[in-house]
Amino acid sequence: MIVVIKPGTSRPLIDEVIAEVQKLGYDPRPIFGTEQTVVAALGDERTHQNLESLDALPQVEKVLRVQKRHKLVARQAHPENSVIDVDGVKIGGGKVVIMAGPCSVESEEQLLTTARAVKAAGATILRGGAYKPRTSPYEFQGLGKEGLALLQVARRETGLKIITEVLSEAHVEHVAASADILQVGARNAQNFALLIECAKSGKPVLLKRGLCERIDEWLCAAEYLLAHGNPNVMFCERGIRTFETYTRNTLDLSAIAIIKQESHLPIIIDPSQGCGRADLVRAMCKGAVAMGADGLLIEVHPNPAEALSDGAQQLDPRGFEQLMGELGPFAAATGRTV
Ligand code: PEP
Ligand code: MN
């Protein structure tokens, strides 16, 4: 860390800062300039007490962090891409993984019709929310345990792996018993107690980006999962809040390139929450795959007009099949297949 001292500070007050830096376990290296002095504090910021509290001293102008706060998720820690093996389905390797299914599990017929259709078109993982994070308490909240049971029926019939959202710490155990991947939603992206429980479950975790979450915060949230013993983590960009109103969110495709630079973990793109518009899903999927996204999480419903949640953004099975038929060249552009 670097402690910047205010211009014109007397030597005894500079020495006071140097002494504080030393007291906190760092090796202080002052650099005396003609106008201003800075004190470089050498030492590992992740194992020493934070120096940001020195901002409280009146002679300190600011304290600058040099090291990043995440370590295990960083590409430096693991230069090769991590490949997550979900019971035989590999995420992060040479094949773009397609996760598709309804926003919410609504009924056996709705789920099985969708599962059969997405499997026939090439998906390997079935999505479907049994517990739904809804803005209003009067909106459909999901079928809960009944929805989890239907997901198991769909898995048995189709062989698709299951991804479903875990809304609360209290649900981790029974959701993990029914799911192959736990989805941590945007509204829970920094619920650290939930992340720790998900880590302990041992199941792969798909970590959505929060509604207003910066990438450094997202990396730190993933760090919680790895720091608590779960290396099987994938990022999922699902759009962030901006001033734009043409789309529900602004799908930040730059996150693909940034996560690939910063981390060894896979990144999945969710164009459905990302745009909130079914008519944009194909274009966003093609762009994401061409940029190197490791997978897509796409909402598909047999009859989107009757969906109990997120109708406007769900593809129907025919639209999904068409999209799947078009992705090949975009995967090939990055040396992969779909
Ligand atoms: C969803 O996948 O249906 C969902 C609620 O996602 P998010 O947490 O990204 O809003
Ligand atoms: Mn949804």
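This text follows the structure it describes.
Here's a quick rundown of the structure.

Rules behind the numbers
- Residues numbered from 1 in each chain as written.
- Chains lettered and ligands numbered in written order.
- Predicted model: local features only at pLDDT ≥ 70, side-chain atom pairs only at ≥ 80, totals over all residues.
- Heavy atoms only, no water.
- Helix = DSSP H or I, 4+ residues; strand = E, 2+ residues; numbered from the N terminus.
- Buried < 20%, exposed > 50% of the residue type's maximum accessible area, 1.4 Å probe, protein only.
- Lys, Arg positive; Asp, Glu negative; His and termini not counted.
- Salt bridge = Lys/Arg side-chain N within 4 Å of Asp/Glu carboxyl O.
- Contact = heavy atoms within 4.5 Å.
- Near = heavy atom within 4 Å.
- Polar contact = N/O pair within 3.5 Å; in protein donor to acceptor, adjacent residues only side chain to side chain.
- Nonpolar A, V, L, I, M, F, W, Y, C, P; charged D, E, K, R; others polar.
- Axes fitted to C-alpha atoms, helices over the stretch in contact; angles between N-to-C directions.
- Left-handed = near helix turned anticlockwise from the far one by under 90°.
- Pairing = 2+ DSSP bridges.
- Expected span 1.5 Å × (residues − 1).
- Arc of directions from axis to C-beta.

Points about the side chain of Arg238
Part 1: The residue Arg238 is located in the loop between β12 (233-237) and α7 (254-262) in this model.
Part 2: Of the side chains with opposite charge, Asp270 comes closest to the buried, unpaired Arg238, at an N-O distance of 5.7 Å.
Part 3: If sequence neighbours within four positions are ignored, Arg238 has contacts with Ala186, Arg187, Lys208, Arg209, Leu211, Asn249, Leu251, Asp270, Gln273 and Gly274.

A look at the site of ligand 1
Part 1: Of all residues adjacent to ligand 1, which total 13 residues, the nearest are Arg127, Ala186, Arg187, Lys208 and Arg238.
Part 2: Interatomic distance of 2.9 Å between a side-chain N/O atom of Lys132 and an oxygen atom of ligand 1.
Part 3: One of the side-chain nitrogen or oxygen atoms of Arg238 is found 2.6 Å away from an oxygen atom of ligand 1.
Part 4: Taken together, the residues that form the shell around ligand 1 break down as three nonpolar, three polar and seven charged.

Considerations on the packing of helix α2 (residues 108-121) against helix α3 (residues 145-158)
Part 1: Where α2 meets α3, the axes come as close as 10 Å, and the angle between the chain directions of the two elements is 35°. In terms of crossing hand, the pair formed by α2 and α3 is right-handed. Contact residues: α2 offers Glu108, Leu111, Leu112, Ala115, Arg116 and Lys119, while α3 offers Leu150, Leu151, Val153, Ala154, Glu157 and Thr158.

What to know about the sheet that holds strand β3 (residues 37-42)
Part 1: Pairing is antiparallel across the open sheet formed by four strands, whose spatial order is β2-β3-β1-β4. Strands with a single pairing partner mark the edges of an open sheet, and in this sheet they are β2 (27-32) and β4 (60-64). Shown here is a sheet whose adjacent strand axes are inclined to one another by a mean of 20°, direction ignored.
Part 2: Sheet analysis places strand β1 (residues 2-5) next to β3, joined by three bridges and oriented antiparallel. When the bridges of β3 are listed, Ile2 appears paired with Ala40.
Part 3: Helix α1 (residues 11-23) contacts β1, β2, β3 and β4 of the sheet and is inclined by roughly 155° relative to β2.

Some thoughts on the side chain of Asp310
Part 1: Mapped onto the elements, Asp310 comes out in the loop between β14 (295-299) and α10 (317-326).
Part 2: Taking relative accessible area as the criterion, Asp310 reaches 19% and is therefore assigned buried.
Part 3: Within the local environment of Asp310, its side chain forms a polar contact with the side chain of Arg248, the two groups lying 3.2 Å apart.
Part 4: At a separation of 3.0 Å, a polar atom in the side chain of Asp310 contacts the side chain of Gln313.
Part 5: Ignoring sequence-local partners within four residues, the contact set of Asp310 consists of Cys103, Arg248, Gln273 and Glu299.

Here's the deal with α3
Part 1: Over its 14 residues, α3 runs 20 Å from end to end, which matches the ideal 20 Å to within 8%, given 1.5 Å per residue.
Part 2: When we look at burial in α3, the residues that qualify are Gly147, Leu148, Leu150, Leu151, Ala154 and Thr158. End-on view of α3: buried residues confined to an arc of 160°, all on one side of the axis. When the buried face of α3 is taken as reference, the exposed residues oriented beyond 90 degrees from it are Lys145, Glu146 and Arg156.

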